[in-house]
Amino acid sequence: MEIQEIKLEELDPKKFIEEKVAELREIIGKNRAINALSGGVDSSVVTMLAHRAIGDRLETYFIENGLMREGEPTNVVNTFKKLGVKVELVDAKKEFFEALKSIEDPEIKREAITQTFYKRVFGKIVKDSGIKFLLQGTNYTDIEETVAKIKRQHNVLEQLGINTEKEFGYKVIEPIIQLRKPAVRKIAKYLGLPKSIYARPPFPGPALAARIIGEVTPERVEIVRKATNIVEEELQGIKAFQCLAILHSDKVTGLRSGKREFGLQVEVRCWDSVDAKTATPTKIPYNILFRLASRLTSEVQGVVSVTYNIATKPPSTIEAV
């Protein structure tokens with residue numbers, strides 16, 4: 001890997017922002033640029049850097065893929081409107097669910113999301129716009145994990161030998177590629193982004209599809225979306241790097257109202273980590289886990305089993321898929 005990491009302790013936010021804004025102005029010139037915003041800290045930082053660099057010549061889109069958390073698309077658009085950045089919401093749920101139909105293999109699933117995003121949905125928007133510069137929030141850990149073949153990150157392209165100008169028709173610019181997540185958060189705070197963004201727990205590029213073992217369908221997404229809401233509500237006071245809910249594909253035997261119920265299994269994962277390279281399970285008090293399990297089995301239809309992951313990364317990974 002030829003990219004030189006800027007470590008957190010070496011990072012000067014003011015200098016970094018000034019250099020990246022100048023760099024973006026030089027690369028883009030008087031042209032327009034385009035980017036997709038997910039609301040995560042990575043894409044949010046890139047959006048604000050580009051907005052400072054080229055102002056209204058930046059076109060920002062939120063791609064609603066049907067895989068996001070409850071209310072996320074509207075919340076993101078409204079947050080950035082207050083920051084002076086116009087974000088266009090694009091409904092692409094149909095395209096993504098069609099692409100994911102019948103797929104269970106994790107890597108094929110990620111590739112389907114990548115291809116749908118870059119070719120069928122956002123790629124089409126870029127092509128129709130005629131814009132030749134695409135801004136992307138790839139960070140250092142994304143590159144590291146993909147190159148090491150730990151898992152394929154959907155936003156890693158050029159580092160895998162993909163010529164984006166030839167393949168997709170635009171040049172990819174990655175302003176935060178030298179930073180890991182803690183350093184990106186530091187930049188986000190310095191840029192004046194709200195705490196709801198700079199302190200937000202990591203959320204995967206493939207969104208809730210990375211938390212569904214097996215086929216991704218609208219119905220299964222809704223189950224893990226409800227489970228995610230409950231996990232985040234119950235564990236919001238826990239100091240952890242990330243907490244999440246995983247929907248398993250296997251059904252298990254349960255008992256409800258005196259009758260056998262062949263139902264769903266949700267796995268809860270909560271991690272202590274600094275940079276996502278390694279992680280250990282957070283030691284959550286049993287009474288909190290018990291309350292969490294009670295809510296998941298009573299409020300999420302069909303859930304009869306709740307487990308808590310106690311394996312470290314490695315050999316486990318933070319997300320399931």
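Computed from a prediction, not measured in an experiment: that's the story for all the values here. (Residues numbered from 1 in each chain as written. Predicted model: local features only at pLDDT ≥ 70, side-chain atom pairs only at ≥ 80, totals over all residues. Heavy atoms only, no water.)

1. Focus on the overall build of the protein
The test is simple: What counts as a helix is a DSSP run of H or I of at least four residues, what counts as a strand is a run of E of at least two, and both are numbered from the N terminus. C-alpha atoms define the radius of gyration in this analysis, and the globule rule sets the expected value at 2.2 Å times the number of residues to the power 0.38. Note on classification: 1.4 Å probe, protein chains only; a residue is buried when its accessible area is under 20% of the maximum for its type, exposed when over 50%, partly exposed between these limits. Throughout, a residue-residue contact means that at least one pair of heavy atoms, one from each residue, lies within 4.5 Å. Areas reported here follow the Shrake-Rupley algorithm with a probe of radius 1.4 Å; residue values treat only the protein chains shown as occluding. By the counting rule applied here, Lys and Arg register as positive and Asp and Glu as negative, while His and the ends of each chain are not counted. In this description, the location of a charge corresponds to atom NZ of lysine, CZ of arginine, CG of aspartate or CD of glutamate.
The helix and strand inventory of the protein stands at 11 helices and 10 strands. Relative to the compact-globule value of 20 Å for 321 residues, the protein shows a C-alpha radius of gyration of 20 Å, a close match. Viewed in the frame of its principal axes, the protein has a C-alpha envelope of about 70 × 40 × 40 Å. Every one of the 321 residues in the protein was classed for burial, and the buried ones make up 55%. Sequence separation of 24 or more characterises 74% of the internal contacts of the protein that already satisfy a separation of 6 or more. Per element, the accessible surface of the protein, about 15500 Å² overall, is 50% carbon and sulfur. Positive and negative charge centroids in the protein, built from 50 and 44 side chains respectively, lie 2 Å apart.

2. Structural notes on the state of the cysteines
Formally: Pairs of cysteine sulfur atoms within 2.5 Å are identified as disulfides in what follows.
By the definition in use, this model includes one disulfide. Each sulfur in the disulfide pair Cys243 and Cys270 lies 2.2 Å from the other. In this pair, Cys243 is assigned in strand E6 (residues 242-247) and Cys270 in strand E8 (residues 259-272), connecting sequence segments 27 residues apart. Residue classification places Cys270 among the buried positions, given a relative accessible area of 1%.

3. A few points about the packing of helix H1 (residues 13-28) against helix H2 (residues 41-54)
Heads up, the rule is: What counts as an axis is a line fitted to C-alpha atoms, over the stretch in contact for a helix, and the angles between N-to-C directions run from 0 to 180 degrees. Angles below 35 degrees are treated as roughly parallel, those above 145 as roughly antiparallel, those between 65 and 115 as roughly perpendicular, and all remaining angles as oblique. Here a crossing is taken to be left-handed if its near helix is turned anticlockwise relative to the far helix by less than a right angle, and right-handed if that turn runs clockwise. When residues are sorted by character, Ala, Val, Leu, Ile, Met, Phe, Trp, Tyr, Cys and Pro go into the nonpolar class, Asp, Glu, Lys and Arg into the charged class, and all the rest, Gly among them, into the polar class.
Across the interface, H1 lies against H2 with an axial gap of 9 Å and an inter-helix angle of 60 degrees. Between H1 and H2, the angle falls in the class oblique. Classified by chirality, the crossing of H2 by H1 is right-handed. In contact with Phe16, Ile17, Lys20, Val21, Leu24, Arg25 and Ile28 of H1, H2 contributes Leu49, Ala50, Arg52, Ala53 and Ile54. Split into classes, the residues belonging to the contact of H1 with H2 amount to nine nonpolar, no polar and three charged.

4. A look at the environment of Ser257
Structurally, Ser257 is set in the loop between strand E7 (252-256) and E8. Taking the C-alpha atoms as reference points, Ser257 and Ser305, 48 residues apart in sequence, are found 15 Å from one another.

5. Looking at the nonpolar core
Quick note on the threshold: The set of buried Ala, Val, Leu, Ile, Met, Phe, Trp, Tyr and Cys residues whose side-chain atoms join them within 4.5 Å is what this entry labels a nonpolar core.
Counting residues in each nonpolar core, the largest one holds 86 residues, and the members touching the most others are Val45, Leu49, Ile63, Leu67, Phe80, Phe122 and Leu235. The contacts of Leu67, once residues within four sequence positions are left out, are Phe97, Leu100, Ile113, Phe203, Pro206, Ala207, Leu208, Ala209, Val216, Val221 and Arg225. Residues Ile246, Ala276, Ala279 and Ile318 belong to the second largest nonpolar core, which totals seven residues.

6. Examining unusual backbone geometry
Along the chain, Lys313 connects to Pro314 via a cis peptide bond; the corresponding omega equals -15 degrees. Residue placement: Pro314 occurs in the segment after strand E10 (303-308). Note the cis peptide between Pro314 and Pro315, where omega equals 10 degrees. Among the secondary structure elements, Pro315 is positioned in the segment after E10. Residues other than glycine seldom take positive phi values, yet Ser102 does so here, at roughly 70 degrees. Mapping Ser102 onto the fold places it in the loop between helix H4 (93-100) and helix H5 (106-129). For Ala207, which is not glycine, the phi dihedral falls at a positive 60 degrees. Mapped onto the fold, Ala207 is located in the loop between helix H9 (195-198) and helix H10 (218-234).

7. Observations concerning the sheet that holds strand E5 (residues 171-173)
Under the convention used in this document: At least two DSSP bridges between two strands are needed for those strands to be called paired.
An order of E3-E2-E1-E4-E5 is seen for the five strands of this open sheet, with the pairing classed as parallel. Edge positions in the sheet fall to strand E3 (87-91) and E5, since each of these pairs with one other strand and no more. Averaged over neighbouring strand pairs, the angle between their axes works out to 30 degrees when direction is ignored. Packed onto the sheet, H2 meets strand E1 (33-36), strand E2 (58-64) and strand E4 (133-135) and runs at close to 160 degrees relative to E2.

8. Some details on the packing of aromatic side chains
To describe a pair of aromatic rings, one takes the distance between the centres and the angle between the planes. Formally: The rule is short: rings of Phe, Tyr and Trp, with Trp giving its six-membered ring, pair when the centres are within 6.5 Å, and they are stacked under 30 degrees, edge-to-face over 60, tilted in between. Over a ring means this: the NZ of a Lys or the CZ of an Arg is within 6 Å of the ring centre and within 35 degrees of the ring normal.
Counted according to the given criterion, the structure contains four aromatic pairs. Centre to centre, the rings of Phe117 and Phe122 are 5.2 Å apart; their planes meet at 35 degrees, and the pair counts as tilted. Within the aromatic cluster, the residues linked to one another by ring pairs are Tyr61, Phe117, Tyr118 and Phe122. A cation over a ring is seen here: Arg69 above Phe203, with NZ or CZ 4.2 Å from the ring centre.

9. Section: the pattern of salt bridges
Oppositely charged side chains are able to pair whenever their charged atoms sit close together. As a reminder, the rule being used: Within this document, salt bridges are pairs made up of a side-chain nitrogen of Lys or Arg and a carboxyl oxygen of Asp or Glu, the two lying within 4 Å of each other.
For the coordinates displayed, the defined rule picks out 20 salt bridges. Glu98 is the salt-bridge partner of Arg120, the closest N and O atoms lying 2.8 Å from each other. Residue Arg120 is located in helix H5, and its partner Glu98 is located in helix H4; the two are separated by 22 residues in the primary sequence. In this structure Arg120 comes out as partly exposed when scored by relative accessible area, which is 42%. Given a relative accessible area of 41%, Glu98 falls into the partly exposed group. Connected through salt bridges with shared partners, the residues Glu233, Glu234, Arg291, Arg295 and Glu299 form a single ionic network.

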